[in-house]
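# Survey of secondary and tertiary structure
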Amino acid sequence: MPQEAFVRWSKTLIPTMKEVPADAEIPSHQLMLRAGLIRQLMAGSYSYLPLGWRALRKAEAIVREEIEAAGGIEIHMPALQPIDLFERTGRREAFGNVLFQWEQRRGGGRVQFALGPTHEEVVTDLVAKHISSYRQLPINLFQIQTKFRNEERPRFGVLRTSEFLMKDAYSFHATVESLNETYKAMYRAYCRIFARCGVEYLPVEAESGPIGGDASHEFMCPANNGEDRIVHCRKTGYAANLERADTGRVQPSLETSADAKPITKLHTPNVGSIEAVCKFLKCKPPRMIKTLIYSADDKAVAVLIRGDHEANEGKIRRALGVTKLEMATPEVILQVTGAPVGFAGPVGIKCPIIADHDIPLIFNAITGANEGDHHLTNVNVGRDYVLEKTFDLRNAAAGDPSPKGEGTLELVHGIEIGHVFKLGTKYSVSLEAYFSDEKEQRHPIIMGCYGIGVNRIIAALAETKNDENGLIWPLSVAPYEVVVIPLQEEATVVDAAESIYTQLQEAGVDVLLDDRAQRAGVKFKDADLIGFPLRVVIGGKGLQEGLIELKWRTAIEPIKVPVAEAMATIMKQLADRRAEEAASVPS
RNA sequence: CGGGAUGUAGCUCAGCUUGGCUAGAGCGCCUGGUUUGGGACCAGGAAGUCGCAGGUUCGAAUCCUGUCAUCCCGACCA
């Protein structure tokens, strides 16, 4: 961070709040507001005040350093983009309402604009125009820039906003091997970035699109208020987005159990949902077979899922080998089941059936009777319905075996702070970014893309690193590393504080002087709330004994040092703490 | 977009059920004084078209209708 004019509390804008604003619910939002880091303009739009902006810029600087070390070349592309580019990649429709777009008069005509939600189109177009030979590849271009997304529902303070700072990098390659190499380098850079910022992170396997395999990883910060759900196995280290996670189960026996009770039809008037049936029959959802009717490439198919599980449409699509999958209409359901919605079951249904691995394990199951207002009980595999094999068709759940063969999965919430993705040639083909190889053969350029939500690094830190007194910053991204607090307004105290403050400033330490005419309690409370890593207190009493006081935000007790040794001690402690933080950064 | 809640001073909120004089409190802010190592005290003061519009009424922060905004749950989220 560049050296800047001395900053005194009284000359900057740090509007701390004693009370919790009514609109903020989660800790990061409340604390960032109370500590005076941000202020809301409207839903999903926040101003970054001096402290918040400083933290954000420090995180940004770390991101820039590491991406450059990984071979990234910084550019800056316009947020304002022609809608035409999104038409060409089909993403105008894919983004839908998320894309900010409008039409405006210009010259004699009308132009259609969009605000960039991300820059695959713009960067691919740029590369298409200027790269034509394998000799120019690979190249890795990145920028740190404001992105715009018309989120249907911005929420959680600064965690989900319609305008945010993103580092987006795009790599271009002649070969998949080259892509894999850059992917690995960026993956490593991401680990270093999050470690340096002091934010906990967990790389998880994510939906990978057309390339498959290990083509996509999300970097999650485990947090109770995170919007994403991930499964994690402590024993094997397996971690994946819930959408994507394998469950590690195997196909069970499809034979009818010997002591199966005879099948029985029950009258269940107006009781359609799983919940309602359970209440009516006084049973638990794991004994129910949920029969979901889908239209798969326009053909009806029944998907059997245990009552307490969630169907995973991606897995169903893959098991069926279809591209189009949607819930069937009530008409189709009536046709294949002979009953209104809510009473479907596998027994006697007039369409193909596929079942999740857990279905045959339900002994004496309860399911719809394919007849209005009726359910069947004691339904058993083999005797009452036949399956050739079973599939993994549902979201993983806590307690499932890890796909790595040992250990069990647990479910945790996470804040997505980064995403690396092997794109392949989707954008290069649609935007005609081709290169010629050494034999003059033309190929679409192979791409990777890599995003980091810089605001989310700060928000994730605020969300996960705090205590009842306020925020707790690591040195690396703290708005200021040190706050110097003179407790009285007597000249001796003020002079001593000014002296330390000036020396720290000259030594390159990021320091703020709390020169307000406030009582000690107010200054201490604010310092804790904001979470400056180190607090230097100069008070009349201590000064009489020739002592000043150092207190780390994370420490319980302060350290008292003679004035003459203060600078040396502070510098030493800062160096130690920096080394400590650096030790957690992977090489 | 469906469901729920809330809009009164910079912040937190009371007042609204049962309409009635000049709309209140605490914190913050300004002035003066006393204080001074963990969100001080006393005295005085500034600050609000009660979200907005319409309606009912002699009279509306309060009742009715509409509208806007914000928050929460859900749907959505390259």
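Refer to the structure above for everything that follows.
Residues numbered from 1 in each chain as written. Chains lettered and ligands numbered in written order. Predicted model: local features only at pLDDT ≥ 70, side-chain atom pairs only at ≥ 80, totals over all residues. Heavy atoms only, no water.

### Focus on the overall build of chain A
Tallying secondary structure elements over chain A gives 15 helices and 30 strands in all. Each principal axis of the C-alpha atoms in chain A carries an extent, and together these give about 95 × 65 × 50 Å. Partitioning the contacts of chain A with sequence separation of at least 6, the portion at a separation of at least 24 is 70%. Carbon and sulfur atoms provide 51% of the accessible area of chain A, an area that totals close to 27100 Å². Distance from the positive charge centre (68 side chains) to the negative charge centre (77 side chains) of chain A: 2 Å. (Helix = DSSP H or I, 4+ residues; strand = E, 2+ residues; numbered from the N terminus. Contact = heavy atoms within 4.5 Å. Areas by Shrake-Rupley, 256 points an atom, 1.4 Å probe, with all protein chains shown as cover. Lys, Arg positive; Asp, Glu negative; His and termini not counted. Charge placed at Lys NZ, Arg CZ, Asp CG, Glu CD.)

### A closer look at the sheet that holds strand E6 (residues 109-115)
Read from one edge of the open sheet, three strands run E4-E6-E5, paired in antiparallel fashion. Edge strands, defined here as strands with exactly one partner in the open sheet, are strand E4 (80-82) and strand E5 (100-106). Between one strand axis and the next, the sheet turns by 40° as a mean value, whatever way the strands run. The sheet contact formed by E5 and E6 spans seven bridges and is antiparallel. Looking across to E6, one finds that Arg 105 is bridged to Arg 110. (Pairing = 2+ DSSP bridges. Axes fitted to C-alpha atoms, helices over the stretch in contact; angles between N-to-C directions.)

### Some thoughts on the sheet that holds strand E29 (residues 547-552)
Read from one edge of the open sheet, five strands run E27-E26-E28-E29-E30, paired in mixed fashion. The sheet terminates laterally at strand E27 (511-513) and strand E30 (559-562), the two strands that pair on one side only. Strand after strand, the sheet turns through a mean of 25° between neighbouring axes, direction not considered. Of the pairings in the sheet, the one linking strand E26 (residues 482-486) to strand E28 (residues 534-538) comprises five bridges and is parallel in character. Opposite Val 483, over in E28, you have Arg 535 as the bridge partner. Together, E26 and E28 form the strand contacts of helix H13 (residues 520-530), whose direction differs from that of E26 by roughly 175°.

### Digging into the environment of Met 32
Tracing the backbone shows Met 32 in helix H1 (residues 27-34). Taking the C-alpha atoms as reference, Met 32 lies 8.1 Å from Ala 459; in sequence the two are 427 residues apart. Leaving out residues up to four positions away in the same chain, Met 32 has contacts with Leu 37, Ile 38, Val 158, Ile 458, Ala 459 and Ala 462.

### With respect to the pairing of strand E11 (residues 228-232)
In the sheet, E11 pairs with strand E20 (residues 410-424) via five bridges, with the strands oriented antiparallel. Within E20, the residue paired with Ile 230 across the bridge is Val 412. In this antiparallel pair of consecutive strands, E11 and strand E12 (residues 239-241), the connection spans six residues, and Gly 237 shows a positive phi of 80°.

Note that all results are geometric; they support no functional claim without further evidence.
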